[in-house]
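These are the residues of each chain, in order.
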Amino acid sequence: FLREKWAEYDRPTSVLITGGAITRKLDGLGEEDFYLRYVDAIKQRIGNRWPIVLQSAPKPKEAAKRLRDRGVNVHHSNMEVWDKRLFEIICPGKARAIGRDNWLRLMLEEVDVFGEGYVNPAFVIGVEMAHPWGFKEVDEAVNSTAEGFDYLMSRGILPRPLSWFVEPASALRGQELPPTDYFIKVD
């Protein structure tokens, strides 16, 4: 990051800090303080040359202001799936620790802090068709995702679609990906 000259194709566009939600103390620190030590070190070293993107659980307005004031420019609070029933199944930890409705409320609060377009939750595109819980019909799954994107985008949140890849060691191992038609329609 400190090189003076960057080839056009090689220039970084941001610094992403990610490690997921920290629900207990880690190194004696809560989630905000744990990540802020990295934000502080990066800002100290490279200044404001590149925006800092933090990926963690969504924050209440005051906590989001603290992150912003220390140098976080963009916040990713990955929601994974839009459908309320599927959120409970696909994201049981998030559902227990924060809850879907609270997750949404907190992301909306973050828009007031970071600004429109700077709150960017990821959605795992395709997971809403995971068996046996997911949608059975392509159009139902696409409509659910579109509903979520419409809701969020109309409120200043810019979702990031990430294509689902079935990891062999995950709880969803052995799943078949949705048909190609699904991915064409959702795109």
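Check the entry above for the structure.
All values reported here derive from a predicted model rather than from experimental measurement. (Residues numbered from 1 in each chain as written. Predicted model: local features only at pLDDT ≥ 70, side-chain atom pairs only at ≥ 80, totals over all residues. Heavy atoms only, no water.)

Q: Which parts of the structure should I look at to understand the pattern of salt bridges?
A: Pairs can form between side chains of opposite charge once their charged atoms are near each other. Evaluation of the coordinates by the stated rule reveals 14 salt bridges. Here Glu 32 makes a salt bridge to Arg 66, at a shortest N to O gap of 3.2 Å. Here the residue Glu 32 occupies a position in helix 1 (residues 31-46), and Arg 66 occupies one in helix 2 (residues 61-70), the gap between them amounting to 34 residues. A residue is classified by how much of its surface remains accessible, and Glu 32, at 23% relative accessible area, is partly exposed. (Salt bridge = Lys/Arg side-chain N within 4 Å of Asp/Glu carboxyl O. Helix = DSSP H or I, 4+ residues; strand = E, 2+ residues; numbered from the N terminus. Buried < 20%, exposed > 50% of the residue type's maximum accessible area, 1.4 Å probe, protein only.)

Q: How should I be thinking about the layout of surface pockets in this particular structure?
A: A water-sized probe, rolled over the atoms, reveals where empty space remains. Approximately 210 Å³ is the volume attributed to the largest pocket. Lining the largest pocket are Ile 125, Val 142, Thr 145, Ala 146, Phe 149, Pro 161, Leu 162, Ser 163, Phe 183, Lys 185, Val 186 and Asp 187. Secondary-structure elements contributing two or more residues to the lining of the largest pocket are helix 6 (138-153), strand 5 (160-163) and helix 7 (180-186). The element contributing the most residues to the lining of the largest pocket is helix 6, with 4 residues. Its residues assigned to classes, the lining of the largest pocket comprises 8 nonpolar, 2 polar and 2 charged. (1 Å grid on protein atoms, 1.4 Å probe; cavity = no way out; pocket = protein on both sides within 12 Å on 5 of 7 lines; lining within 4 Å. Points joined across faces, edges and corners; volume = space filled by probe spheres on them. Nonpolar A, V, L, I, M, F, W, Y, C, P; charged D, E, K, R; others polar.)

Q: I tried to follow helix 5 (residues 100-114) on my own but got confused; where do I start?
A: For the α-helix, the turn length of 3.6 residues means that residues three or four positions removed from each other point alike. For helix 5, spanning 15 residues, the distance from its first C-alpha to its last is 21 Å, which sits close to the expected 21 Å at 1.5 Å a residue. Those residues of helix 5 that are buried lie in contact with helix 2, strand 3 (72-76), helix 3 (84-90), helix 4 (92-97) and helix 6. Downstream of helix 5 by one or two residues, Gly 115 has phi in the positive range, about 100°. (Expected span 1.5 Å × (residues − 1). Contact = heavy atoms within 4.5 Å.)

Q: Please clarify how the sheet that holds strand 2 (residues 52-55) should be interpreted in this entry.
A: Adjacent strands of a sheet form backbone hydrogen bonds with each other and so pair up, either parallel or antiparallel. Taken in spatial order, the 3 strands make up an open sheet running 1-2-3, and their pairing is parallel. This sheet does not close on itself; its edge strands, each paired only once, are strand 1 (15-18) and strand 3. Across this sheet, the average inter-strand angle for adjacent strands is 25°, counted without regard to direction. In this structure, strand 2 lies alongside strand 3, joined through 4 bridges in parallel fashion. (Pairing = 2+ DSSP bridges. Axes fitted to C-alpha atoms, helices over the stretch in contact; angles between N-to-C directions.)

Q: Looking at this model, I keep getting lost on the pairing of strand 2. Mind explaining?
A: Each regular strand shows side chains that alternate between the opposite faces of the sheet. Of the two faces of strand 2, both are covered, the one formed by Ile 52 and Leu 54 as well as the one formed by Val 53 and Gln 55. Bridge count for strand 1 against strand 2 is 4 bridges, and the pairing is parallel. Looking across to strand 2, one finds that Ile 17 is bridged to Leu 54. What joins strand 1 to strand 2 is helix 1, and the crossover it makes is right-handed. As a crossover connection, the stretch from strand 2 through helix 2 into strand 3 is right-handed. (Right-handed = clockwise from strand over helix to strand, strands pointing away.)

Q: Whenever I open this one, unusual backbone geometry confuses me. Can you help?
A: A cis amide bond links His 131 to the next residue, Pro 132, at an omega of 5°. Residue position: Pro 132 is located in the loop between strand 4 (122-125) and helix 6. Despite not being glycine, Asp 27 has its phi angle at roughly 55°, a positive value. By secondary structure assignment, the location of Asp 27 is in the loop between strand 1 and helix 1. The backbone phi angle of Glu 80 is positive, close to 80°, even though this residue is not glycine. Along the chain, Glu 80 turns up in the loop between strand 3 and helix 3.

Q: I tried to follow the side chain of Arg 100 on my own but got confused; where do I start?
A: The topology assignment puts Arg 100 in helix 5. Classification of Arg 100 by relative accessible area gives buried; the value is 9%. Not counting residues within four places of it along the chain, the set of residues in contact with Arg 100 comprises Met 79, Trp 82, Asp 83, Lys 84 and Phe 87.

Geometry only, nothing functional implied.
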